[in-house]
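Report on the structure
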Amino acid sequence: MNLKALHEILSTAPASIQQRANESGLDPVVALGVAKLLLANDGNLASLSPRQRQHFDYSIAPLLMRSSV
């Protein structure tokens, strides 16, 4: 996982995570929390619960794929 890109998204465009969560029918606050948790855990996806992983897959991962950082 590109932690630099994740940090950049959280720092400059957290609303993009919230928007993706809303579009996917997920809680935008939880999606932001998952992003922060991943930064704190060095991107360890194994530490996520199944619900947190769903937030990552639908709200965060697509943004990381588009990121050019």
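Scroll up a little and you will see the structure.
My aim in this report is to walk through the structure given alongside it, one point at a time. None of the values given here were measured: they were computed from a predicted structure. (Residues numbered from 1 in each chain as written. Predicted model: local features only at pLDDT ≥ 70, side-chain atom pairs only at ≥ 80, totals over all residues. Heavy atoms only, no water.)

Further remarks concern the packing of helix α1 (residues 3–12) against helix α4 (residues 50–66). Viewed as axis vectors pointing N to C, α1 and α4 meet at an angle of 110°, and their least axial separation amounts to 10 Å. As far as their axial angle goes, α4 and α1 are roughly perpendicular. Relative to α4, α1 is oriented so that their crossing is right-handed. Contacts between α1 and α4 involve Ala5, Leu6 and Ile9 on the former and, on the latter, Ile60, Leu63 and Leu64. For the contact of α1 with α4, the class distribution of residues is 6 nonpolar, no polar and no charged. (Axes fitted to C-alpha atoms, helices over the stretch in contact; angles between N-to-C directions. Helix = DSSP H or I, 4+ residues; strand = E, 2+ residues; numbered from the N terminus. Parallel < 35°, antiparallel > 145°, perpendicular 65-115°, else oblique. Left-handed = near helix turned anticlockwise from the far one by under 90°. Contact = heavy atoms within 4.5 Å. Nonpolar A, V, L, I, M, F, W, Y, C, P; charged D, E, K, R; others polar.)

For the structure shown, the criterion picks out 1 salt bridge. With its nearest N and O atoms 2.9 Å apart, the salt bridge here joins Arg53 to Asp57. In this pair, Arg53 and Asp57 both sit in helix α4, 4 residues apart, roughly one turn of the helix. (Salt bridge = Lys/Arg side-chain N within 4 Å of Asp/Glu carboxyl O.)

Let's shift gears to α4. With 17 residues, α4 should cover 24 Å at 1.5 Å per step; its first-to-last C-alpha distance of 24 Å lies within 8% of that length. In the structure, α4 departs most strongly from a straight axis at Ile60, where the bend amounts to approximately 40° and where the proline Pro62 lies between one and four residues downstream. For α4, the full list of buried residues reads His55, Phe56, Ser59, Ile60, Ala61, Pro62, Leu63 and Leu64. Where α4 is buried, its residues touch α1, α2 (14–23) and α3 (28–40). (Expected span 1.5 Å × (residues − 1). Bend = angle between axes of the 7 residues up to and from the residue. Buried < 20%, exposed > 50% of the residue type's maximum accessible area, 1.4 Å probe, protein only.)

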